Structures are given as C-alpha cells and as structure tokens.
Amino acid sequence: MVSDESLRNFRRELRALERQVGRALAEQSSCCGVTPTQCYALAALEDAGQTSLGELAAVLELDSSTLSRTIDGLVKEGLAERHEDPMNRRRAILRLSPDGKSAAARINEACDRFYRGLLSSLPEADAAGVIRAVPILAEALRAWSGAGAGCCGRDTEERIAAAGAAGSGRGL
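Residues numbered from 1 in each chain as written. Predicted model: local features only at pLDDT ≥ 70, side-chain atom pairs only at ≥ 80, totals over all residues. Heavy atoms only, no water.

A few words now on the environment of Gly 100. Tracing the chain through its elements places Gly 100 in helix α5 (residues 98-120). Judged by its relative accessible area of 0%, Gly 100 is buried. The spacing of Gly 100 and Glu 77 is 23 residues in sequence and 9.0 Å in space, taken between C-alpha atoms. If near-sequence neighbours (up to four positions away) are discounted, Gly 100 is found in contact with Leu 42, Gly 78 and Leu 79. (Helix = DSSP H or I, 4+ residues; strand = E, 2+ residues; numbered from the N terminus. Buried < 20%, exposed > 50% of the residue type's maximum accessible area, 1.4 Å probe, protein only. Contact = heavy atoms within 4.5 Å.)

Here it is as structure tokens:
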C-alpha cells in the first residue's frame with residue numbers, strides 16, 4: 001500500500017509534470033502559430049487521415065461544440081478542411097490541408113527533438129521506465145475518469161481493491 005506521504009508527493013510531482021508538459025507543448029506548437037488545443041486536434045487529424053467531428057471529439061475526449069470552435073479556427077487558418085460526406089450529407093468529413101500536414105510535421109519534429117533530448121538526459125534504465133510507465137498511467141487514468149473516481153466518489157475503495165487485483169502482475 002502506498003503511504004499518504006508518498007501519494008501526496010506523487011500528486012505534487014504529477015501537477016508539476018502537467019505544467020511542464022503544457023509549457024513544452026505551447027512552445028513546440030507556437031512555431032506554427034497554433035494553440036495547444038489546436039495542436040492536439042492537428043495531431044489527431046494527422047493520425048486519423050480523415051474523420052468526423054464526433055469521432056474526433058471522442059478521440060480527444062472533448063465536447064463536440066468545444067472542438068467545433070477549435071476546428072473552425074484551423075479551417076479559417078487553412079490548416080484543416082471540412083467537406084460534406086457524400087454518403088451522409090449531415091456529416092462533415094475533416095482532414096488536414098496541405099498546410100496542416102506541414103504544420104503537423106513541424107510540430108512533430110519539434111516535439112520529437114524535445115523528448116529525445118529529455119529522455120537522453122536520463123540514465124538509460126530510467127528512460128526505458130518512463131517510456132513504459134506513461135502509457136500504463138494514461139490507461140489507468142482513462143479507466144478511472146468519469147466513473148465516480150473523483151475525490152468524492154463513493155466507490156473509491158471498491159475501485160482500489162479491483163484495480164489492485166487486476167494490476168497485481170503489472171510492474172515497471
């Protein structure tokens with residue numbers, strides 16, 4: 001069991017990590033004049049090739065109306081394209097424009113350079129541990145979020161017990 005002190009230190013470091021990752025993304029995406037939110041949308045569009053607003057909102061875990069404003073900005077800046085779906089005229093197809101593909105490539109290069117440098121500054125075993133730990137933590141957060149896992153969630157103890165049983169074989 002994790003001690004209260006260890007848990008609070010973990011949470012403190014996680015908050016610091018969130019701030020640092022946010023700053024790094026803002027710096028890396030600023031080369032293309034996009035916001036961090038637009039950067040997430042560009043990356044998701046690049047991964048998808050083409051998609052609908054609803055599908056993109058699900059991937060980014062955002063409300064469609066919030067994402068719609070972000071996409072509107074990308075379309076207005078010429079970084080994304082919105083076309084009517086020929087099979088369903090009520091559905092719009094979204095994809096990166098040629099300029100959007102270039103912007104995504106520049107952001108990827110900047111992010112890759114930053115994280116390659118960051119990871120190479122760590123001892124090799126620590127870098128490997130971080131690379132393994134991040135997707136594990138991300139998946140655990142996805143599994144817990146939105147299901148009563150907040151600070152006042154009534155089922156927290158049951159969820160902890162279930163997570164402990166399910167994750168007992170997983171380690172770094």
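So, on to the sheet that holds strand β3 (residues 88-96). Read across the open sheet, the three strands follow the order β1-β3-β2; overall the sheet is antiparallel. In this open sheet, the two strands that pair with only one neighbour each are β1 (50-51) and β2 (80-85). Of the pairings in the sheet, the one linking β2 to β3 comprises six bridges and is antiparallel in character. Bridging across to β3, His 83 finds its partner in Ile 93. Sheet strands in contact with helix α2 (residues 36-48) are β1, β2 and β3, and its direction is about 105° off that of β3. Relative to the sheet, helix α4 (residues 64-76) contacts β2 and β3, its axis offset from that of β2 by approximately 110°. (Pairing = 2+ DSSP bridges. Axes fitted to C-alpha atoms, helices over the stretch in contact; angles between N-to-C directions.)

Glancing now at the nonpolar core. With 21 residues, the main nonpolar core has Val 34, Leu 42, Leu 45, Leu 56, Ile 71, Leu 74 and Ile 107 as its most contacted residues. Of all elements in the fold, only α2, α3 (53-60), α4, β3 and α5 reach the threshold of two or more residues within this core. For this core, the element with the highest residue contribution is α2, accounting for five residues. With near-sequence residues (within four places) excluded, Leu 42 lies in contact with Val 34, Leu 74, Leu 79, Leu 96, Gly 100, Ala 103 and Ile 107. (Core = buried A, V, L, I, M, F, W, Y, C linked by side-chain atoms within 4.5 Å.)

Attention now goes to the packing of α3 against α4. Running from N to C, α3 and α4 point in directions that differ by 105°, and their axes come no closer than 9 Å. Comparing their axes, α4 and α3 come out roughly perpendicular. Across the interface between the two elements, Leu 53, Gly 54, Leu 56, Ala 57 and Leu 60 from α3 touch Ser 64, Leu 67, Ser 68 and Ile 71 from α4. Taken together, the residues that form the contact of α3 with α4 break down as six nonpolar, three polar and no charged. (Parallel < 35°, antiparallel > 145°, perpendicular 65-115°, else oblique. Nonpolar A, V, L, I, M, F, W, Y, C, P; charged D, E, K, R; others polar.)

This paragraph deals with the environment of Glu 77. Along the polypeptide, Glu 77 turns up in the loop between α4 and β2. Of note is the side chain of Glu 77, whose polar atom sits 3.4 Å from the side chain of Gln 38. (Polar contact = N/O pair within 3.5 Å; in protein donor to acceptor, adjacent residues only side chain to side chain.)

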